Amino acid sequence: MTATYVYGLVAAGTTLPDDLVGLGPSGRVSLVEHDGVAAIVGDVPDRPLGTRDDLTAHEAVVDTVAAATTVLPMRFPAVVEDSQVVDELLAPHQDRFLRALEQLDGMVQYSLKGRYVEEVLLKEIVEEEPAVAELQERIRGVSEDASYYDRVKLGEIVAKAMEERRDVDANDILDRISPFAEQASPTTPPQPDEVVDIAFLVRRDGVEQFESEVEELGADTHEWLRLRLLGPLAPYDFVPAEE
Amino acid sequence: MTVATQAAGGGHVDRGGGGGSSGLADVVELILDKGLVIDVFVRVSLVGIEILTIDARVVVASVDTFLRFAEATNRLDLYGKGKGGKDLTELTQGMMEGGAKGKTAGVLDAAVDKVGELLGGDEEDEREPVRKRPRQRARERERER
């Protein structure tokens, strides 16, 4: 059997950009169309997948296409047998794929991530949490080993204080930017000093305004918040779940 | 891997992503956690190591995190509470010079606030908050309109 790599799905009739480079040995990327839906496909290397280059190539193909047209992105690694692209992938799911493409038509995703400027936030916490100053007093001048538990306790209080502030700030950011997006999908980041990780679904014709709102938010908060905006991307967070 | 770069317009938001310009961690988060999974996908052998390195992001607040915050907090205390740090003149000067690059207005005020803060000023209530929350800002703008 030979295998085919599937990057994502687009509406039939889409023209792919010329500069796509796939993760296969040929690097070629092309379309297989069937009844209104097309799979973005390429060849598969004869080795285990998952290198940095493989991951980057998958994302680059998907998001380069997404810059111009709606793509349903596949999860890495998406490999099917050659003979099955139409018979097993496109034909049986045609309805679902078409509906999803229609639903996301004219939209792109942006991912907004934010992290506290540690020093500013810590200063605020030290000022506002009396327990922190007390522990600092106890730790001062004590050896690392002897102060171990106090230091863990101190860090725990700081982390908790951060999380409390984060909940408020994350909500504020969501409230402020959501009006400029069709949908928002927030997730709670793993580290307490990470404030937000929100995926926004944005209309292509609203992209400029969305970006400038985020930029304005960045200008207002840059003293205590580092914002990072990824996009435009394929709507990774908004692909409809399997029915 | 390309590191997210600062927006060309001298903006305050780091920009990245879209067509291969994201960092590896961002890429992994997008394409390994999200996207369509179809039952016809065949199992393929994967390289483990490259993917494993990313599992660091799953680590939730741990003792290591706590110790890191404790250390950062204590470091802050060393020069934050006037123990052997810069003296006031130095600090004010530094701030003026640093501020000169940006907006000139407000720099003096900022420096004064800063000095008050360092002195542990007694006008606890009048002092500007350390930072403004986005919503607070939004409300202020509404009022200005």
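Note that this is a predicted model, so its numbers are computed, not measured. (Residues numbered from 1 in each chain as written. Chains lettered and ligands numbered in written order. Predicted model: local features only at pLDDT ≥ 70, side-chain atom pairs only at ≥ 80, totals over all residues. Heavy atoms only, no water.)

### Quick look at the overall build of chain A
Threshold: Strands here are runs of E lasting at least two residues and helices are runs of H or I lasting at least four, both read from the DSSP assignment and numbered beginning at the N terminus. As a reference, a globule follows 2.2 Å times the number of residues to the power 0.38, and the radius of gyration itself is taken over C-alpha atoms. Under the scheme applied here, a residue whose accessible area is under 20% of the maximum for its type counts as buried, over 50% as exposed, and between as partly exposed, the area being computed with a 1.4 Å probe on protein chains only. The contact criterion used is simple: two residues touch if any of their non-hydrogen atoms lie within 4.5 Å. Here the open area of atoms and residues is found with the Shrake-Rupley method and a 1.4 Å probe, where only the protein chains shown may cover a residue. A residue counts as positive if it is Lys or Arg and as negative if it is Asp or Glu; His and the chain ends are not included. The atom standing in for a charge is NZ when the residue is Lys, CZ when it is Arg, CG when it is Asp and CD when it is Glu.
What chain A contains, in helices and strands, is seven helices and nine strands. The C-alpha radius of gyration of chain A comes to 23 Å, more than 25% above the 18 Å expected for a compact globule of 243 residues. Here chain A holds 243 residues, and the buried ones make up 53% of them. Considering only intrachain contacts with a sequence separation of at least 6, the fraction spanning at least 24 residues in chain A is 73%. On chain A, roughly 10500 Å² of surface is accessible, and the fraction owed to carbon and sulfur atoms is 46%. Positive and negative charge centroids in chain A, built from 21 and 50 side chains respectively, lie 6 Å apart.

### So, the overall build of chain B
A count of helices and strands for chain B gives six helices and two strands. Within chain B, the fraction of its 145 residues that count as buried is 28%. Look at the contacts in chain B between residues 6 or more apart in sequence, and 26% of them connect residues 24 or more apart. Summed over its atoms, the accessible surface of chain B is roughly 9300 Å², and 54% of this surface lies on carbon and sulfur atoms.

### Some details on the interface of chain B and chain A
Spelled out, the test is: Using a 1.4 Å probe, buried area is obtained as the accessible area two parts lose upon being combined, added over both of them. A pair is scored as a salt bridge if a Lys or Arg side-chain nitrogen falls within 4 Å of a carboxyl oxygen belonging to Asp or Glu. Definition of a polar contact: a pair of N or O atoms within 3.5 Å, with one able to donate and the other able to accept a hydrogen when the atoms are protein atoms, and with sequence-neighbouring residues admitted only if both atoms are side-chain atoms. When residue character is reported, Ala, Val, Leu, Ile, Met, Phe, Trp, Tyr, Cys and Pro are called nonpolar, Asp, Glu, Lys and Arg charged, and the others, Gly included, polar. Two strands are said to pair when DSSP picks up at least two bridges between them.
Opposite the 70 residues of chain B that make contact, chain A presents 91 residues. In total, about 7100 Å² of surface goes out of reach between chain B and chain A, with carbon and sulfur atoms giving 59% of it. Applying the counting rule to chain B against chain A returns seven salt bridges. Its salt-bridge partner being Lys34 of chain B, residue Asp237 of chain A comes within 3.1 Å of it at the nearest N-O pair. Taken together, the links from chain B to chain A amount to 19 residue pairs in polar contact (both at pLDDT 80 or more). For the side of chain B that touches chain A, the secondary-structure elements that each account for two or more residues are strand E2 (13–16), helix H1 (24–33), helix H2 (48–52), helix H3 (63–80), helix H5 (107–118) and helix H6 (134–144) of chain B. With 14 residues, the single largest contributor to the side of chain B that touches chain A is H3 of chain B. Here the residues of the side of chain B that touches chain A are counted per class, giving 33 nonpolar, 14 polar and 23 charged. Across four bridges, strand E9 (residues 225–233) of chain A lies against E2 of chain B in parallel orientation. Opposite Arg228 of chain A, over in E2 of chain B, you have Asp14 of chain B as the bridge partner.

### Some remarks on helix H1 (residues 52–66) of chain A
Residue and element names in this part refer to chain A. Threshold: In this scheme, a helix's expected span is set at 1.5 Å multiplied by one less than its residue total.
Taking 1.5 Å as the rise per residue, H1 with 15 residues should run 21 Å; its terminal C-alpha atoms sit 21 Å apart, in good agreement. Counting buried positions along H1 gives 11 out of 15 residues, so the element sits mostly inside the fold. Where H1 is concerned, the buried positions are Asp54, Leu55, Ala57, His58, Glu59, Ala60, Val61, Val62, Asp63, Val65 and Ala66.

### Re empty space enclosed by the protein
We apply this condition: Cavities and pockets are found on a 1 Å grid laid over the protein atoms alone: a cavity is a set of points where a 1.4 Å probe fits but cannot escape, a pocket is an open set with protein on both sides within 12 Å along at least five of seven lines, and a lining residue has an atom within 4 Å of such a point. Grid points are joined across faces, edges and corners, and a volume is the space filled by probe spheres set on the points.
Counting across every chain of the model gives one cavity of 30 Å³ or more. There is about 80 Å³ of room inside the largest cavity. Lining the largest cavity are 13 residues, with Ser111, Asp197 and Asp237 of chain A together with Glu29 and Lys34 of chain B positioned closest to its centre. Residue assignment for the lining of the largest cavity shows that the elements contributing at least two residues are strand E6 (107–116) and strand E8 (194–203) of chain A together with H1 of chain B. Among the residues forming the lining of the largest cavity, the class breakdown is four nonpolar, three polar and six charged.

### Focus on the domain arrangement of chain A
Residues and elements named next belong to chain A. Short version of the rule: Domain start and stop positions are those given by an automatic or database domain assignment.
Domain boundaries assigned for chain A yield domain 1 (3–105) and domain 2 (108–238). Spacing between the C-alpha centres of domain 1 and domain 2 amounts to 34 Å. Domain 1 puts 11 residues into the contact, and the matching count from domain 2 is eight residues. Across the domain 1 to domain 2 interface the summed buried area is about 780 Å²; carbon plus sulfur atoms make up 55%. A per-residue breakdown of the area domain 1 buries against domain 2 is headed by Asp63, Pro73 and Leu104, which together make up 52% of the total. There are zero salt bridges connecting domain 1 and domain 2. On the surface where domain 1 and domain 2 come into contact, there are five residue pairs in polar contact (both at pLDDT 80 or more).

### A word on the pairing of strand E3 (residues 37–43) of chain A
All names here are of chain A. E3 sits mainly inside the fold: six of its seven residues count as buried. With seven bridges connecting them, strand E1 (residues 3–11) and E3 associate as antiparallel partners. Across the sheet, residue Tyr5 finds its bridge partner in E3, namely Gly42. Pairing of strand E2 (residues 29–34) with E3, which is carried by six bridges, proceeds in the antiparallel orientation. Its bridge partner being in E3, Ser30 is matched across the sheet by Val41. A loop of two residues connects E2 with E3, the two strands running antiparallel in sequence, and Asp35 in this loop sits at a positive phi of about 50°.

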